[in-house]
4 protein chains.
Amino acid sequence: MKIPVGILGATGAVGQRFVQLLADHPWFEIAELAASDRSAGKPYREACTWRLPGAPSEAVGATPVTTCEGPFRSKVLFSGLDSSVAGDVEAALAGQGYAVISNARNHRMDPDVPLLIPEVNPEHLEALTVQRRRTGGGYIVTNPNCSVVGLAMALAPLHRAFGVKEVAVATLQSLSGAGYPGVASLDVSDNVLPYIGGGEEEKIEKEPRRILGRFDGKSFVPAGFAVSASVHRVPVSDGHTMALFVRLERKASAAEAARALAEFRGEPQERRLPSAPCRPIHVLEAPDRPQPRLDRDREGGMAVSVGRVREDGTFDLKLEALVHNTIRGAAGAAILNGELLQARGLLS
Amino acid sequence: MKIPVGILGATGAVGQRFVQLLADHPWFEIAELAASDRSAGKPYREACTWRLPGAPSEAVGATPVTTCEGPFRSKVLFSGLDSSVAGDVEAALAGQGYAVISNARNHRMDPDVPLLIPEVNPEHLEALTVQRRRTGGGYIVTNPNCSVVGLAMALAPLHRAFGVKEVAVATLQSLSGAGYPGVASLDVSDNVLPYIGGGEEEKIEKEPRRILGRFDGKSFVPAGFAVSASVHRVPVSDGHTMALFVRLERKASAAEAARALAEFRGEPQERRLPSAPCRPIHVLEAPDRPQPRLDRDREGGMAVSVGRVREDGTFDLKLEALVHNTIRGAAGAAILNGELLQARGLLS
Amino acid sequence: MKIPVGILGATGAVGQRFVQLLADHPWFEIAELAASDRSAGKPYREACTWRLPGAPSEAVGATPVTTCEGPFRSKVLFSGLDSSVAGDVEAALAGQGYAVISNARNHRMDPDVPLLIPEVNPEHLEALTVQRRRTGGGYIVTNPNCSVVGLAMALAPLHRAFGVKEVAVATLQSLSGAGYPGVASLDVSDNVLPYIGGGEEEKIEKEPRRILGRFDGKSFVPAGFAVSASVHRVPVSDGHTMALFVRLERKASAAEAARALAEFRGEPQERRLPSAPCRPIHVLEAPDRPQPRLDRDREGGMAVSVGRVREDGTFDLKLEALVHNTIRGAAGAAILNGELLQARGLLS
Amino acid sequence: MKIPVGILGATGAVGQRFVQLLADHPWFEIAELAASDRSAGKPYREACTWRLPGAPSEAVGATPVTTCEGPFRSKVLFSGLDSSVAGDVEAALAGQGYAVISNARNHRMDPDVPLLIPEVNPEHLEALTVQRRRTGGGYIVTNPNCSVVGLAMALAPLHRAFGVKEVAVATLQSLSGAGYPGVASLDVSDNVLPYIGGGEEEKIEKEPRRILGRFDGKSFVPAGFAVSASVHRVPVSDGHTMALFVRLERKASAAEAARALAEFRGEPQERRLPSAPCRPIHVLEAPDRPQPRLDRDREGGMAVSVGRVREDGTFDLKLEALVHNTIRGAAGAAILNGELLQARGLLS
């Protein structure tokens, strides 16, 4: 008996990834698909212009789309809602008792909402105790911004082993990160855009500190290091690349850093969660990797790739990190969060 | 009466830019075209597969290509030679009395060779006195690496006004920076390459310090700040974009920094050299600029564009810089060097 | 004294090209800029998100945008209006006595509206006599669809010399042909779209027959040949490429066909109109030309490039044609129409 | 017990696809990897710069590369050799008794060599009787040019049902079709190349007639229709798109044509060969399909996608076809040929 789940924002870019990734999920089964009022009532295949390779199953295609107001038969809702509506909708549903596992940014920094990467900060789920007291039982769990997943996963083992003091990060983000229709093709044809709206740099500077910080029983205490970000949109379909300049508390050789990264494991690996990559971080040795087209799909898009780990005379370390922004950086992240919640008995 | 000049490496990517930019030059006239032995003897139009829009003039197309050994009728030689051969060829020609104005990297760090950006360090030409004593009269003057021109020009006014202490720079470099055939299309289709060979990062870390340093009468004393670089190749035809994180000696507001950049002028502007941009640095206010496709051709590709000048809580300043890598970053840089030499009476 | 002109739809993609191409026009001067009600009242620089390299002049930037209803001081109006509104607006303005020189498709097939390519069918202006009788003095003159300009110009000399019987044409059209925001970048990243909406294939099949037909004093009689089109959107910023398969009434060798194309001239060349290319068709001999990036800007984007003219065992001829879709295929086409009207005394 | 096979040209682009597609093949097992003398002796992982996502298995990576001269333990050799060497090497190996299943063009038109698409012309294997008499037992079987596989598969059901009389085809071919390094990125950045060397158009015009013709016991009699091709390289990583204009012997409605295409099946489907697609041709109804990025991977890249099947006033039918050029158009095609040979008992 699989757990029935609903998808909020099911027709959008992240929603389609949820549909794709949950298609043959061993634990979860798509029971409900919710989207805007405009789509409600239509079968999914008509409500949705499918933009991924392949197609949803017959059953999913025939499922009638509902609104996001509920009620839902499913107690578990994955949210790919746009941030323009996610705030209120998710809060209302949590208030009605649902487990809302969200990719939206709205509640990420709420004082009792876990901003979760299962390999990095599963102990932040403790905040649910506080949150559920507030809501009466339902809750919201969020995953980070698509770039931040890659950044925080790359920083976590370095922070644990050597202490991160300061990070400068320049991103080269893919087109799918902007959703659909997103960036106009003319804007990015033979071009780079040195800007991403919606507070992208602020999110990249704040979220990793929350994720690598701790929950003190009442609120989150951010990690002590500083992050400075400079973001770019590049003409690549999927996969965010990041150049990291890192100052450490304790010196580390490139080999030591690479080893800490490669050996990084967490609760999803111990528990063998269905979507967990065997190795959360793939450390690549070729001098010209990671590359989005060649490396974004490692372990089904759930592994972060790291390369060019090198010592630096100015900073201590430089490295490149790559994350599949719509899988590990969005829908796949939320699904792994759902799996951890289930494994810990928090979905029932 | 224009000054006859020769172009070394005339059939290559940089050589073609020399031919294009010198086509109607008010001071210089293409008299000789030199390339590899394979091309020698053929008319330029046959020796060269022209890869820029437009075409060379009839006269240039009919000019027979010579080898790079000389002798040349022209006393002034612009070199677009590949670094695999430039070292020896240029040294030999300087030894024979020619003024070699080179884009190649080989002699850039020689103790008596100016690494010149006319707006930034024209006083480095003093090193020619030492050099000419050594060679007997001929000399080599070099321009920086294509990224470094943009970086050093953006740093120069900041360094003068506020003192630069530390710089992290991530580059998004265009395809033409790799010459021809350069990067295989498959490697960069829907992709980013986080690596450029030939010591690109080392050049970006060293050359700015030399340029912003001083010549003490005997040798060059580099500027005291540190640069750390992380380079990327992106699918853009022309124009290198750079994200800069800058620590300063003295705090500067974004407005003060922008003003210092926008007001920056140098000897080329004072002397109104033919290829000098009116404003060496264009400070753009739109939040999403500079962009390669829209901004690389400002002032004929000779102006550097800067945008997103902003204060930073971690570093002091962040900004984006853009340089047309084959114009201001290569052939145009060398031509401006030639113009400064002529204006100072050093070509006769 | 230049002729004051207005631009309808001045803030759109075609409107921006009008502003750019009319910037230093020897005969016309931008006096009025009209756009939607949303823009009206704002200075042009604020109403318009400029998306071409460079920027409009200070004077143009400061010009307040008006609505498209008029009245206008200018008697000559260039229209870059979207087809969703162009039909009524242009008809109304012609009814008020203005000369409307339009790039929109709405009135192209009207029985008394010239669909004009000055080199090909200037005699179609005779229809203005009929049209002005109807309107009372004002009139509409249109230019063809962006692909059709290139197609009809390539067919014209072949039709005159050898008689065109049948044409199959496959197009590879650029992104700017879809306006702005046009095609979503995700749709065309690492992709080709074998479809363009808005009746693109129908226009390509019908308009060339009208253009190469004749006006019999009352109505237009289309040329007798058939055209079949298959259209594609490709990831190229500007420049529509077309593969033509042509059956002729009288056999022609590739050399004869190439000569007919290369020697083609028309009234704009005889009258030396300011925007007229010296050679309307550039016949390229290199086996791999024309190419959008290298050839679209020939003669300021006003020349059509043709290459690979070859005999065919199945059809009679095959060739490739290229047109800069927003210059010769849109704004530049309309401006050349305006110049012909002025030269013939039809603007006063 | 799997059949051991060797791969000729194993380090090249097609060779890497062979390695990838044969990785878990139920019938075949990679036993030998052969390449140029330069690679011979090295383990595959060192000899080969792997350019596909993922990586070869440990076992394959450790396999020492041999030269292509043999002798080989495997009796079955898949050849991804470059045409500059394939002619002699393959002939020699067939002479030594090997079954050479080749993707190279060299022997495709030999009078007793099958040019095979298992769904279309399995009866051409009869020519092996003649060929083996000549060689003494070994033989060569070839698959068509990458574009031709898609073209011939799309034409086959139409030809059977309605008789094909004449075809004009314009191709939009991907970068991987040129091998590695293939097309320089600068040549195809923001560009289209209307030319492909190596006799591409001639192959597209000749091979389909051979494939859809018959073997009369002694030699091949080509089908009676004519094909005219015009080829283009476009900036797409994988997947050749083709626009077809088709004249038929007997009229067919779009619906009849679509049905013939959708219902097309052949021997690989009857025999359920491991690499056979369930439906060789996917007929897509959305007006803007097929698209390379969304449709090239249907059925593991082994299905051809067809769309926009429409009646035409000039020709009888127009349609778009898409084939994954390195899978169904190259390595996958050869593997399916191998499977048919095995199923028919021709590999032992």
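Below, the structure is looked at part by part.

Criteria and cut-off values
Residues numbered from 1 in each chain as written. Chains lettered and ligands numbered in written order. Predicted model: local features only at pLDDT ≥ 70, side-chain atom pairs only at ≥ 80, totals over all residues. Heavy atoms only, no water. Helix = DSSP H or I, 4+ residues; strand = E, 2+ residues; numbered from the N terminus. Rg over C-alpha atoms; globule rule 2.2 N^0.38 Å. Buried < 20%, exposed > 50% of the residue type's maximum accessible area, 1.4 Å probe, protein only. Contact = heavy atoms within 4.5 Å. Areas by Shrake-Rupley, 256 points an atom, 1.4 Å probe, with all protein chains shown as cover. Lys, Arg positive; Asp, Glu negative; His and termini not counted. Charge placed at Lys NZ, Arg CZ, Asp CG, Glu CD. Polar contact = N/O pair within 3.5 Å; in protein donor to acceptor, adjacent residues only side chain to side chain. Disulfide = S-S within 2.5 Å. Buried area = accessible area lost by both parts, 1.4 Å probe. Salt bridge = Lys/Arg side-chain N within 4 Å of Asp/Glu carboxyl O. Nonpolar A, V, L, I, M, F, W, Y, C, P; charged D, E, K, R; others polar. Pairing = 2+ DSSP bridges. Least-squares fit on C-alpha atoms with pLDDT ≥ 70 in both. Axes fitted to C-alpha atoms, helices over the stretch in contact; angles between N-to-C directions. Phe/Tyr/Trp six-rings, centres within 6.5 Å; stacked < 30°, edge-to-face > 60°. Lys NZ or Arg CZ within 6 Å of the ring centre and 35° of its normal. Parallel < 35°, antiparallel > 145°, perpendicular 65-115°, else oblique. Left-handed = near helix turned anticlockwise from the far one by under 90°. 1 Å grid on protein atoms, 1.4 Å probe; cavity = no way out; pocket = protein on both sides within 12 Å on 5 of 7 lines; lining within 4 Å. Points joined across faces, edges and corners; volume = space filled by probe spheres on them. Arc of directions from axis to C-beta.

What follows is about the overall build of chain A. Of regular secondary structure, chain A possesses twelve helices and 14 strands. Relative to the 2.2 N^0.38 estimate, which gives 20 Å for 348 residues, the radius of gyration of chain A is 19 Å and therefore close to what a compact globule would have. Here the C-alpha coordinates of chain A stretch approximately 60 × 50 × 35 Å along the principal axes. Of all 348 residues assigned to chain A, the portion counted as buried reaches 64%. A separation of at least 24 residues holds for 75% of the contacts in chain A among residues at least 6 apart in sequence. Total accessible area on chain A is roughly 11,900 Å²; 49% of this is exposed by carbon and sulfur atoms. Each charge class in chain A can be summarised by its mean position, and for the 39 positive and 40 negative side chains these summaries are 2 Å apart.

Another point: the side chain of Asn103 of chain A. Residue and element names in this part refer to chain A. The topology assignment puts Asn103 in the loop between strand S5 (99–102) and helix H5 (127–135). Asn103 gets classed as buried once you look at its relative accessible area, which sits at 13%. A distance of 2.7 Å separates polar atoms of two side chains, one belonging to Asn103 and the other to Asn143. Setting aside chain neighbours within four positions, we find Asn103 in contact with Val14, Ser79, Arg108, Asn143, Pro144, Gly329 and Ala330.

The subject of this paragraph is the state of the cysteines. Residue and element names in this part refer to chain C. Within the structure shown, the criterion is met by zero disulfides over all chains. In this structure Cys68 is not part of a disulfide, and its nearest cysteine sulfur, from Cys48, lies 14 Å away. Residue Cys68 is classed as buried on the basis of its relative accessible area, which comes to 12%.

In this section: the interface of chain C and chain B. Counting residues at the interface gives nine residues for chain C, matched by nine residues for chain B. Per-residue buried area on chain C facing chain B is highest for Pro53, Arg293 and Leu294 of chain C; these three make up 47% of the total on that side. Where chain C touches chain B, the interface holds zero salt bridges. Counting across the interface, chain C meets chain B through zero residue pairs in polar contact (both at pLDDT 80 or more). Split into classes, the residues belonging to the side of chain C that touches chain B amount to four nonpolar, two polar and three charged.

The next subject is the sheet that holds strand S1 (residues 3–8) of chain B. As a general point, the strands of a sheet are linked pairwise by backbone hydrogen bonds and lie either parallel or antiparallel. All names here are of chain B. Spatial ordering of the open sheet is given by S3-S2-S1-S4-S5-S6, a layout of six strands whose pairing is parallel. Among the strands making up the open sheet, the edge pair consists of strand S3 (65–66) and strand S6 (139–142). Where S1 meets strand S2 (residues 28–34), six bridges bridge the pair, whose relative direction is parallel. Paired with Ile7 across the strands is Leu33, a residue of S2.

Between the two copies of this chain, the relationship is a rotation about some axis together with a displacement along it. Relative to chain B, chain C is turned by 180° and slid 0.0 Å along the rotation axis, the superposed coordinates differing by an RMSD of 0.0 Å. Within this description, the copies of the chain are treated as partners about a two-fold rotation axis. Relative to the rotation axis, the C-alpha of Asp190 of chain C is the closest in chain C, positioned 3.0 Å from it.

What follows deals with the sheet that holds strand S14 (residues 317–323) of chain B. Residues and elements named next belong to chain B. With respect to topology, six strands assemble into an open sheet ordered S10-S7-S11-S14-S13-S12, the strand pairing being mixed. The sheet is open, and its two borders are formed by strand S10 (226–233) and strand S12 (281–284), each paired with just one other strand. Strand-to-strand, the axes of this sheet are offset by a mean angle of 20°, without reference to chain direction. With seven bridges joining them, strand S11 (residues 240–248) and S14 adopt antiparallel strand pairing. Note that in S14 the partner of Ala243 across the bridge is Glu320.

Further remarks concern the pattern of salt bridges. Should their charged atoms come close, side chains of opposite charge can pair. In total, this model carries 76 salt bridges over all chains according to the counting rule given. A salt bridge links Arg134 of chain A to Asp112 of chain A, with the nearest nitrogen and oxygen atoms 2.7 Å apart. On the criterion of sequence distance, the pair formed by Arg134 of chain A in helix H5 and Asp112 of chain A in the loop between S5 and H5 is long-range, its members being 22 residues apart. Accessibility expressed as a relative area gives 52% for Arg134 of chain A, which makes it exposed. For Arg344 of chain B, the salt bridge identified is with Glu267 of chain B, shortest N-O distance 2.8 Å. In this pair, Arg344 of chain B sits in the segment after helix H12 (327–343) while Glu267 of chain B sits in helix H10 (residues 267–270), placing the two residues 77 residues apart along the sequence. Note on Arg344 of chain B: relative accessible area 34%, which makes it partly exposed.

Under the definition given, this model contains 25 aromatic pairs over all chains. Between Phe28 of chain A and Phe78 of chain A, the aromatic rings sit 5.6 Å apart at their centres with planes inclined by 70°, giving edge-to-face as the arrangement. Of the two residues, Phe28 of chain A sits in strand S2 (residues 28–34) while Phe78 of chain A sits in strand S4 (residues 76–79), which places them 50 residues apart along the sequence. Of the two residues examined, Phe28 of chain A and Phe78 of chain A, each falls in the buried class. Ring-pair connections join several aromatic residues into one group, and the members of that group are Phe245 and Phe315 of chain A together with Phe245 and Phe315 of chain B. A cation sits over an aromatic face here: Arg247 of chain A above Phe315 of chain A, 4.5 Å from the ring centre. Over the ring of Tyr98 of chain D we find Lys75 of chain D, and its NZ or CZ is 4.9 Å from the ring centre.

Across the contact, 47 residues belong to chain A and 47 residues belong to chain B. Of the roughly 3,500 Å² buried at the junction of chain A and chain B (both faces included), carbon and sulfur atoms supply 53%. Considering only the surface of chain A that becomes buried against chain B, Asp190, Pro194 and Arg293 of chain A emerge as the three largest contributors, covering 17% of it. Counting the contacts that link chain A with chain B gives ten salt bridges. At the junction of chain A with chain B, the criterion picks out 34 residue pairs in polar contact (both at pLDDT 80 or more). When residues of the side of chain A that touches chain B are traced back to their parent elements, those giving at least two are strand S7 (164–172), helix H7 (185–188), helix H8 (200–211), strand S10 (226–230), strand S11 (240–248), helix H11 (292–295), strand S13 (304–311) and strand S14 (317–323) of chain A. Among the residues forming the side of chain A that touches chain B, the class breakdown is 22 nonpolar, nine polar and 16 charged.

Let's shift gears to the packing of helix H6 (residues 146–162) of chain A against H8 of chain A. Residue and element names in this part refer to chain A. Packing of H6 against H8 brings their axes to within 9 Å, and their N-to-C directions diverge by 40°. If you check the angle between H6 and H8, you find them oblique. The hand of the H6/H8 crossing is right-handed. Across the interface between the two elements, Cys146, Ser147, Val148, Leu151 and Ala152 of H6 pack against Glu200, Lys203, Ile204, Glu207, Pro208 and Ile211 of H8.

It is worth spelling out the pairing of strand S14 (residues 317–323) of chain C at this point. Residues and elements named next belong to chain C. Buried residues dominate S14, accounting for seven of its seven residues. Residue alternation in S14 divides its side chains into two sets, Leu317, Leu319, Ala321 and Val323 and Lys318, Glu320 and Leu322, and both sets are buried. As paired elements, strand S13 (residues 304–311) and S14 share five bridges and run antiparallel to each other. By the bridge assignment, Ser305 is partnered in S14 with Leu322. Taken together, S13 and the strand that follows it, S14, pair antiparallel across an intervening segment of five residues.

Here the structure, examined in full by the defined rule, presents two cavities of 30 Å³ or more. The volume enclosed by the largest cavity comes to roughly 440 Å³. Lining the largest cavity are 25 residues, with Pro235 of chain A, Pro235 of chain B, Asp190 and Pro235 of chain C together with Pro235 of chain D positioned closest to its centre. For the lining of the largest cavity, the secondary-structure elements that each account for two or more residues are H7 of chain A, helix H7 (185–188) of chain B, helix H7 (185–188) of chain C together with helix H7 (185–188) of chain D. Looking at the lining of the largest cavity residue by residue, the class counts come to 13 nonpolar, eight polar and four charged. Quantified by volume, the second largest cavity comes out at close to 30 Å³. Forming the boundary of the second largest cavity are Leu116, Ile117, Pro118, Pro144, Val149, Arg328, Ala333, Leu336 and Asn337 of chain B.

A few words now on helix H5 (residues 127–135) of chain D. Residue and element names in this part refer to chain D. Listed as buried for H5 are Ala127, Leu128, Gln131 and Thr135. Axial view of H5: buried residues confined to an arc of 90°, hence all on one face. As for H5, its buried residues are in contact with helix H4 (83–95), strand S6 (139–142), strand S8 (214–215), strand S9 (220–221) and helix H12 (327–343). One or two steps after H5, the chain reaches Gly136, where phi turns positive at roughly 95°.

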